[in-house]
Amino acid sequence: IVLRQELHFWHAMYILSIFIFSLNENMMDIFYLNAELSSIFSTFPKMFWMLISLCLCVVVFQNFTDQKRKFPTLFKIQNLFIKISISVLILVFLAAIFIDFRHSLFYLLRLFVDILCVVGSIILFYCCVFCSLKKDLKCIAFFISTAFLIAAFINYILDANFRINL
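Notes on the structure in this doc start here. (Residues numbered from 1 in each chain as written. Predicted model: local features only at pLDDT ≥ 70, side-chain atom pairs only at ≥ 80, totals over all residues. Heavy atoms only, no water.)

Some details on the packing of helix α1 (residues 5–25) against helix α4 (residues 46–65)
- Where α1 meets α4, the axes come as close as 9 Å, and the angle between the chain directions of the two elements is 160°. On the basis of their axis angle, the class for α1 and α4 is roughly antiparallel. The crossing of α1 and α4 is left-handed. Together, Glu6, Leu7, Trp10, His11, Met13, Tyr14, Ser17, Ile18, Ile20, Phe21, Asn24 and Glu25 of α1 and Lys46, Trp49, Met50, Ile52, Ser53, Leu56, Cys57, Val59, Val60, Asn63 and Phe64 of α4 make up the contact between the two elements.
- Within the contact of α1 with α4, the residues separate by chemical class into 15 nonpolar, 5 polar and 3 charged. (Axes fitted to C-alpha atoms, helices over the stretch in contact; angles between N-to-C directions. Helix = DSSP H or I, 4+ residues; strand = E, 2+ residues; numbered from the N terminus. Parallel < 35°, antiparallel > 145°, perpendicular 65-115°, else oblique. Left-handed = near helix turned anticlockwise from the far one by under 90°. Contact = heavy atoms within 4.5 Å. Nonpolar A, V, L, I, M, F, W, Y, C, P; charged D, E, K, R; others polar.)

What follows is the structure in structure tokens.
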């Protein structure tokens, strides 16, 4: 399987976003980053980093499986999710800088990020299953390689927000 150069870039960004999320989640950022960077990263809610990771995972999925050509309707749905997510991420970014985290607007944005993480995970899971059932070999390979990661995403979201464990 020949991968395009663009895929390598998005995959590297995806891995970096998971790394940042893991540092933030395990509060290890204070050990590995200097004080200024650590305070910047901790300003943003954990789900902010998870939504970035999820969006990048969808982009990797789209590029690896050639969704635009093979499954254009699913590609449009995924792109809509990414556009909405990026808009919300920009709002959360601005809110984290300019608004006190105890403000109700910030809480509302965090809730919307949580909902987007759940919806995005469902969309990605559905697309993986649908394309795999259509016997697309790249989709099957992607699904097998990320099935546990998607399950971990969903389990974390449910546990962190609703105290439900799978």
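Quick notes on α1
- The terminal C-alpha atoms of α1 lie 30 Å apart, and with 21 residues this matches the ideal 30 Å at 1.5 Å per residue to within 8%.
- If you check which residues of α1 are buried, you get Leu7, Tyr14, Ser17, Ile20, Phe21, Leu23 and Asn24. (Expected span 1.5 Å × (residues − 1). Buried < 20%, exposed > 50% of the residue type's maximum accessible area, 1.4 Å probe, protein only.)

Observations concerning helix α6 (residues 72–98)
- Over its 27 residues, α6 runs 39 Å from end to end, which matches the ideal 39 Å to within 8%, given 1.5 Å per residue.
- Among all positions in α6, only Leu74, Phe75, Gln78, Phe81, Ile82, Ser85, Val88, Leu89, Val92, Ala95 and Ala96 are buried.

Considering the nonpolar core
- Within the largest apolar cluster, 44 residues are counted, with the highest numbers of intra-cluster contacts made by Met50, Leu51, Phe61, Phe81, Leu124 and Phe142.
- When residues of this core are traced back to their parent elements, those giving at least two are α1, α4, α6, α7 (104–133) and α8 (137–162).
- It is α4 that provides the largest number of residues to this core, a total of 14 residues.
- When near neighbours in sequence (up to four residues on either side) are disregarded, Phe142 contacts Cys57, Val60, Phe61, Phe64, Thr65, Leu124 and Cys128. (Core = buried A, V, L, I, M, F, W, Y, C linked by side-chain atoms within 4.5 Å.)

Some thoughts on the packing of aromatic side chains
- Under the counting rule described, the total for this entry stands at 7 aromatic pairs.
- Centre to centre, the rings of Phe48 and Trp49 are 5.0 Å apart; their planes meet at 85°, and the pair counts as edge-to-face. For the pair shown, Phe48 and Trp49 are each scored as buried.
- Taking 5.8 Å as the distance between ring centres and 20° as the angle between the ring planes, the aromatic pair formed by Tyr126 and Phe130 counts as stacked. Taken together, the positions of Tyr126 and Phe130, both in helix α7 and 4 residues apart, correspond to about one turn of that helix.
- In this structure Tyr126 comes out as partly exposed when scored by relative accessible area, which is 48%.
- Relative accessible area serves as the criterion here: at 27%, Phe130 is assigned to the partly exposed category.
- Joined through ring pairs, the aromatic side chains of Phe61, Phe64 and Phe142 make up one cluster.
- Above the plane of the ring of Phe64 lies Lys138, whose end atom (NZ or CZ) is 5.9 Å from the centre. (Phe/Tyr/Trp six-rings, centres within 6.5 Å; stacked < 30°, edge-to-face > 60°. Lys NZ or Arg CZ within 6 Å of the ring centre and 35° of its normal.)

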